[in-house]
Every structure is written in structure tokens, then in C-alpha cells.
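Examining the three-dimensional arrangement
Listed below are the residues making up each chain.
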Amino acid sequence: MTKVLTAVAWPYANGPRHIGHVAGFGVPSDVFSRYMRMAGHDVLMVSGTDEHGTPILVAADAAGVTARELADENNRVIVQDLHDLGLSYDLFTRTTTRNHYAVAQEMFRTVQRNGYLVEQTTHGAVSPSTGRTLPDRYIEGTCPICGYDSARGDQCDNCGNQLDPTDLIEPRSKINGETPKFVETQHWFLDLPALAAALKKWLDEREATGLWRPNVIRFSQNILEEIKPRSMTRDIDWGIPVPGWEDQPTKRLYVWFDAVIGYLSASVEWARRLGDADRWREWWDDPEALSYYFMGKDNITFHSQIWPAELLAYNGKGDKGGEPGEYGELNLPTEVVSSEFLTMEGKQFSSSRGVVIYVRDVLARYQPDALRYFISAAGPENQDSNFTWAEFVRRTNDELVAGWGNLLNRTATLIAKNFGEIPEAGEPTAEDRVLLETVEAAFTTVGGLIERHRQKAALAEAMRTVAEVNRYVSDSAPWQLKGDDQRARLGTVLHVMAQAVADCNVLLSPFLPHSANDVDRVLGGVGDVAPMPEIREVEDLDGGPAYPILTGEYSAAPRWERKPVVPGTKVGKPAPVFRKLDPSVVDEELARLQASAS
RNA sequence: GGGGCGGUAGCUCAGUCGGUCAGAGCAGAGGACUCAUAAUCCUCCGGUCGUGGGUUCGAGCCCCACCCGCCCUACCA
């Protein structure tokens, strides 16, 4: 049994999340975790909402609420979405807990003590009215190169040149239009160059495993070449106070410095809530433990450079040496599993332009497993992929309903009509044996593919197995086995079908957990194939405000192997598990999209 | 500008060590069956693997150039 940390990207709480987000980190991390648990590993799956940073402040100002109020609201929406999708977090928390503040500050202090945080004077833009940092992207003005009047501080969208905000002619704040003030300001910089050699060594070792996706390892190695110190504090009054700068309430930790620490702080919180406060160390301090980080490609920098750099600095493993802090020597990521981007009807998702489908809107109208199926079958695993409603309807109707759902129905109906319970198997024929061997072999192939993060291939293999069973049913034609003299053969065929369907259900359960439980009930079980997360309202462990978490008890998941069906189990006439979609939903959804985009 | 990814059947995509690798699903045509949410099963149709060179006994696969699309470029997260 291996300790496996599934570290899932933290959804940013400036609004509800769209299906591109859950396609990138949510569903793949859950499929992986569910499978690894079934394969006998000790999985700890953690995440939470990321709630600091400028965009949340800006959104809160626009809504006339405080940043905390906005974060509270979006945290709830996101928790509900992830719950409804059936994502099996051991703990889904948030970055505004006191526990997280304490862990982030401990990391900062130790990294600082080890010498990897250096104070530097820099200049940046601030808003004169609020004193807050104005990030480059929040400044616009006239491009000095092409004269475009809405160039951003970091780049001109018209001519594509990279800019410095001080280059802009007549710069103005995108937030309130005022003229930014360029000031000198002190910040703590993470000394990445002092960690570059250690980072390179770690990346080279990771590359040598051959397991990382080519895009990810190449990109990670590439950005190492132009490594520079990077500021880990900001002029902002929303975020985690900077240790040693408590007297300066407008200086806070950079949101990314603390967000990645969430993986550690959530593990700590999980252990504390379990009443076994040091339990998290089994995933973090034991070099044998494995850790997999799931995210979209825009997060690679932070997971294959910033976070490992923080860990190396904390461990005292850079050029400047040092000693680990109270958390001990922490494990660096085993694998950064980044996905690419999902596009929406051929266009990039954009909340501001209305090119977006929110998770909750999909879940309000369609089954969660229909979305999970689409994402698993056609998601942006190794390259960008496109979501279209037509394809969503087709995948649901032709593959989920017509392929898998129909196999279940014909099996259950035949059993219900002829026996009312799963019959005993008689002497198997060669065909029976071949089918059962084929299905059983799929545990190895599908499992191996999931383990190597090739979920599209894994699901395709599972669905190919479903097709094999459908073929067996057609070839065996149990509906033609009518006389008393054929009753024993009929029983055997139906027994084999029941076994094969039960096996397929286990194979599909990491992808389709909700329906896996429904399928189990159709076959006379109690629906305990795929444990589900629950939302729980909890007190902050250290006296902060209460909040909802996502957690669950997943140890009851079945093993990743054949579980023999039990003859005599009652099977009644089935009700469909999967809902077929009317083709008209394509036009309805496209009209909806059109309306929101205009 | 720099870096990266992709361009394979009408559509969506597999093809991980250069040697049955020219594939799957859908769409289209025909047939079988009737247990099943008109689902299922079988057969057929279908490609100059972006373009042009090169390496090799042999190239979707390796090298070079070019065309097209997308992404990243680190003070958005």
C-alpha cells in the first residue's frame, strides 16, 4: 500500500467555475484518486478555494461587498458544484482558514530564515485612492509602439508587444479610471536563482522517469533557463499578513505563495480534524510517498517551479543551505499532471464575454455523469479539445445510453423476466469463458492506463469492453433460449451477462461514480460501488468563522477486481439509469450561449 | 520577438522503441435481430497521414524549410 497524495488545483473564488475548470483538474483528479483507492493505495486528496489576490478584491468592490463576503459566497457555490459532480476529496477547504494562515506563515518564516527570501526595493503602480498594488494587467493606456488606445500594462493586444506599464501613454486604472501612481516599494523576493540548481536536479530526475507528459516537462525545463527572483509579497490589504511586517497591514503574501501551500495546509487540517494531528506526515515526510498535482496548463509554472522552489527552500536544499522547519523535510511533487485547455464551441472560455458554461448550469439540466463522461472521453488531456453541445448530446446518447445503459437494461430485463434473480451458472461454453476472460483482463489494461494518466484511452478501453459484452449478448441470443431443455443454458448466459455487467460497472466507476451506484442497485445491490463526498459545516479549528468543507469516507470502495455476482440476488424490471437527451437541447443551449454572449 | 503544441477518413480523434501503421468512433449505404431508452450485432463505403525537400533497405513517426491553427512569455490567478 502506497501513500498517494492527490493535490488538486485550487479553484479561484472570484466567481462560479465553468466546465473548462473541472475538465482540467476536477474530473481527472477524481478518476485517478478513485482508481488508486480501489487499487489498494492510501490516497489523500486535498484542495480548496483560493481566495486571496487582486481579482477577488476587484470583484468584491464591483459587487459592493467585502472580499471576505464575496469569497464566502463563491466558496459555497464551488463546494456545491464539486460535491454534485461527485469529486471525492478527503478535504476540500479554503485559503482563508486560520490553519492555512499559520502554515503559510511558518513556510514563509522558515524560507526566510534559510535565506531564500531577500528584501528588495522595486517600483510598481498603486492606486492613489486605495494604496493597493495595481497589477500590470489592471492598467491600460495608449501603446507607445502602435498607438492602440487600450493597451494593457503588460502587453499590447493590438501589436502584441510586451510593455512595461510605465511605457504607456496616459496610463489609467482599469478598475476605476484613475491615474496610477508609480512608487518605490519594499518586497520579499524568493531567490529562485539560488534554488535553480536544486530545481534542475529535481526536474532532471523527474524527466528520467519518463512519466511526465512531454509538454509539461519540456515547458518546466524551459522556464528554468530564464529564472529570476520573484516577489512573494504585494501591496494589498487582502491576504495573509507577512511575518515580521505585521505593522504594515497593506503588505500581504502574494496569493500564489500561499495558494500552493494549501496542499500542505489542507493535509494538516485533514489530520487535525481526524484527531490525529501528525497523520499528514505520512504523505509529506516519507520519501516513499507519491504526490500527483492536477491542474490546467496555465498553472504549470507555479507547480513545477514556484512550489518546488518553496519546498526546497523550506527544506534548506538550495545553494544557501539551511534547515527544515517544524514540518520536516517535505516531499517535492512526484508528477505534475497538467491538462491543456477546453474550448467552448471552438472559442476560448471567457466569463467576461459570456463564452462560458458554468458547472452548476450543466448540473441543473443534465446528469453529472454525462458531463463526467464527456470530459473523460473527450477532455483536454494532451492537447486542447473542444466542447460542443452537439458532441455532448451525441456522446451521451450514442455511447452512454445506447452502449452502456442499454447493455444494463437488456441484461436486467432478461433476468427479471426469466428468473427474477441472478441465476446459477451451469457449465460454461468456450464463448462464455472467452467473454469473462476478456472482461477480467480489462481490469489490468484500464487500471494501467489510469495510473499513467491516460484516462481517455482508459475509458475507451472500458467502453470497448462494454461493446464486447453487447456482442456476446447478440451472439448468445438468450431470448431464443425458450424450452425447458434450454433453461439451464439460459441461466448460464444470463449469469455470465450479469457478471460481465457488474465487472464493467467497476471498471467504469472511477469515471461514472453516480451511475455506478445506480447500476449496482439495478443488479440487486445496495449501491455502494462508488462512495460519495459530503458537505459538512464545520467550525474553524482555531477560532475563525465557520465554513463548509467537502469530505467523505471512501474506504468502503470495492477492490479493483472482479467481485463474483451472487446467484439468488433479486433483480427486478430496471428503470433507465441514463437519461437520453433530445436533440433539441443543442439548439436550446446554443441559443442560451448566444444570449449570454451578446 | 522567444518558447511550446497541433495539422491523420465528411466530423471528433488514436497511432508512446522508424518495420501488417494506414486505425477507432460517429456520420453515410446495406443486412441480421427483437431482450433492450428504435437500443444492439454484422458487412461495406471512406485518407497523397498540412506542403516541399532530406536521412534510411524502410518515414504520420527522425532532420531542415515553409504554410495554417492554438497556447505560454513569469505583477491575473
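These numbers were taken from a predicted model, which means no experiment stands behind them. (Residues numbered from 1 in each chain as written. Chains lettered and ligands numbered in written order. Predicted model: local features only at pLDDT ≥ 70, side-chain atom pairs only at ≥ 80, totals over all residues. Heavy atoms only, no water.)

**A look at the sheet that holds strand E4 (residues 117-126)**
Hydrogen bonds between backbone groups are what pair the strands of a sheet, and the pairing can be parallel or antiparallel. The line we're drawing: Only strands that DSSP links by at least two bridges are regarded as paired with each other. Here a strand is any run of E in DSSP of at least two residues, a helix any run of H or I of at least four, and the numbering for each starts at the N terminus.
Taken in spatial order, the three strands line up as E4-E8-E9 in an open sheet, and their pairing is antiparallel. In this open sheet, the two edge strands, each paired with only one partner strand, are E4 and strand E9 (230-231). Bridge analysis of E4 against strand E8 (residues 181-190) gives 10 bridges, and the strand direction is antiparallel. Among the inter-strand pairings, His123 is bridged to a residue of E8, identified as Glu184.

**Side note on the sheet that holds strand E5 (residues 139-142)**
Read from one edge of the open sheet, three strands run E6-E5-E7, paired in antiparallel fashion. Where the open sheet ends on each side, the last strands, each with one partner, are strand E6 (151-152) and strand E7 (169-173).

**A closer look at the pattern of salt bridges**
Worth spelling out the cut-off: Salt bridges are defined as contacts in which a side-chain nitrogen from Lys or Arg sits within 4 Å of a carboxyl oxygen from Asp or Glu. Burial here depends on accessible area, computed with a 1.4 Å probe over protein chains only, as a share of the maximum for the residue type. Under 20% is buried, over 50% is exposed, and the range in between is partly exposed.
Evaluated as defined, the whole model comprises 37 salt bridges. Note that Glu534 is salt-bridged to Arg536, the shortest N-O span being 3.3 Å. Judged by relative accessible area, which is 39%, Arg536 ranks as partly exposed. In this structure, a network of salt bridges that share partners links the residues Glu391, Arg394, Arg395, Asp398 and Glu399.

**Focus: helix H3 (residues 67-85)**
Heads up, the condition is: Helix span is expected to be 1.5 Å times the residue number reduced by one.
Over its 19 residues, H3 extends 27 Å from the first C-alpha to the last, a length consistent with the 27 Å expected when each residue adds 1.5 Å. Within H3, burial applies to Ala67, Leu70, Ala71, Asn74, Asn75, Val77, Ile78, Val79, Asp81, Leu82 and Leu85. Phi turns positive, to about 80°, at Gly86, one or two residues after H3.

**Quick look at the protein's contact with RNA strand B**
How we decide: The criterion for a residue being near a molecule or strand is simple. One of its heavy atoms has to lie within 4 Å of it. In protein, a polar contact requires one atom able to donate a hydrogen and another able to accept it; more generally it is a pair of N or O atoms within 3.5 Å, and residues adjacent in sequence count only if both atoms are side-chain atoms.
Not every one of the 53 residues close to RNA strand B is listed here, only the nearest: Asn222, Glu226, Arg230, Arg454 and Arg471. Among atoms of RNA strand B positioned within 4 Å of the protein, sugar and phosphate together represent 68%. One nitrogen or oxygen atom from the side chain of Arg218 is found 2.3 Å from a phosphate oxygen belonging to RNA strand B. Residue Arg234 places a side-chain N or O atom 3.3 Å away from a sugar or linking oxygen belonging to RNA strand B.

**Some thoughts on unusual backbone geometry**
Backbone geometry at His453 places phi at a positive 60°, although glycine is not the residue there. Considering the arrangement of structural elements, one finds His453 in the loop between helix H13 (430-451) and helix H14 (455-476). Exposure remark for His453: the relative accessible area of 3% places this residue in the buried category. One non-glycine residue, Ala477, lies in positive phi territory at about 40°. Residue position: Ala477 is located in the loop between H14 and helix H15 (487-508).

**Let's talk about the pairing of strand E3 (residues 91-94)**
Of the two faces of E3, both are covered, the one formed by Leu91 and Thr93 as well as the one formed by Phe92 and Arg94. Where strand E2 (residues 42-49) meets E3, four bridges bridge the pair, whose relative direction is parallel. Directly across from Val46, in E3, lies its bridge partner Leu91.

**Concerning the pairing of strand E12 (residues 290-296)**
Most of E12 is tucked away: six of the seven residues are buried. Inspection of the sheet shows strand E1 (residues 3-8) paired to E12 by five bridges, in the parallel sense. Across the sheet, Val4 pairs through a bridge with Leu290, a residue of E12. Relative to strand E13 (residues 335-339), E12 runs parallel, the two being bridged by five bridges. Looking at E13, one finds that Met295 is bridged to Ser338.

**Some points on H14**
Count 3.6 residues to each turn of an α-helix, and residues three or four apart come out pointing the same way. Given a rise of 1.5 Å per residue, 22 residues ought to cover 32 Å, and the 31 Å separating the end C-alpha atoms of H14 matches this to within 8%. One or two residues past the end of H14 sits Ala477, with phi positive at roughly 40°.

**Some words on the packing of helix H5 (residues 192-209) against helix H6 (residues 214-224)**
We apply this condition: To obtain an axis, a line is fitted to C-alpha atoms, over the contacting stretch when the element is a helix, and the angle between two such axes runs from 0 to 180 degrees between their N-to-C directions. Convention used here: angles under 35 degrees read as roughly parallel, angles over 145 as roughly antiparallel, angles from 65 to 115 as roughly perpendicular, and any remaining angle as oblique. By convention the crossing between two helices is left-handed if the near helix lies anticlockwise of the far one by an angle smaller than a right angle, and right-handed if it lies clockwise. Contacts are assigned to residue pairs that have any heavy atoms within 4.5 Å of one another.
The N-to-C vectors of H5 and H6 enclose an angle of 160°; their axes lie 11 Å apart at closest approach. It follows from the interaxial angle that H5 and H6 lie roughly antiparallel. Along this stretch, H5 crosses H6, giving a crossing that reads as left-handed. Residues Ala196, Leu199, Lys200, Leu203, Asp204 and Glu207 of H5 lie in contact with H6, whose contacting residues are Ile217, Ser220, Gln221 and Leu224.

**Notes on the domain arrangement of chain A**
The condition that has to hold: Segmentation of the chain into domains, including their bounds, is taken from an automatic or database domain assignment. Summed over both partners, buried area is the accessible surface (1.4 Å probe) that two parts give up on being assembled.
Segmenting chain A into domains produces domain 1 (3-134 + 180-339) and domain 2 (389-530 + 568-585). Computed over C-alpha atoms only, the centres of domain 1 and domain 2 are separated by 42 Å. The interface of domain 1 with domain 2 comprises 16 residues on the first partner and 13 residues on the second. Both faces combined, the contact of domain 1 with domain 2 buries some 1,200 Å², and carbon together with sulfur accounts for 63% of it. By the criterion of area lost to domain 2, the three top residues of domain 1 are Val31, Arg34 and Tyr35, representing 44% of everything that side buries. Our count for the contact surface shared by domain 1 and domain 2 stands at zero salt bridges.

**Re the packing of aromatic side chains**
Put simply, the test is: Pairs were defined over the aromatic rings of Phe, Tyr and Trp, the Trp ring being its six-membered one, requiring ring centres within 6.5 Å. Orientation was assigned from the angle between planes: stacked under 30 degrees, edge-to-face over 60, tilted for the rest. By definition here, charges over rings are those cases where NZ of Lys or CZ of Arg is within 6 Å of the ring centre and within 35 degrees of the ring normal.
Following the criterion strictly, the structure yields 24 aromatic pairs and no others. Arranged with centres 4.9 Å apart and planes meeting at 90°, the rings of Tyr35 and Trp560 form a pair that is edge-to-face. Of this pair, Tyr35 sits in helix H1 (residues 19-38) while Trp560 sits in the loop between strand E18 (547-551) and helix H17 (584-597), placing them 525 residues apart in sequence. The exposure classification of Tyr35 matches that of Trp560, with both residues buried. On the basis of an interplanar angle of 25° and a centroid distance of 6.1 Å, the ring pair of Tyr314 and Tyr327 is categorised as stacked. Here the residue Tyr314 occupies a position in helix H9 (residues 300-315), and Tyr327 occupies one in the loop between H9 and E13, the gap between them amounting to 13 residues. Overall, the relative accessible area of 0% leaves Tyr314 in the buried class. Chaining the aromatic ring pairs together yields one cluster made of Trp10, Tyr263, Trp284, Tyr293 and Trp307. Lys3 extends its terminal NZ or CZ atom over the ring of Trp283, reaching a point 4.7 Å from the ring centre. Above the face of the Phe341 ring, Lys297 is positioned so that its terminal group lies 4.9 Å from the ring centre.

**Regarding the side chain of Ser339**
By secondary structure assignment, the location of Ser339 is in strand E13. Setting aside residues no more than four positions away along its own chain, Ser339 makes contact with Gly24, Arg213, Met295, Gly296, Lys297, Pro380 and Glu381.

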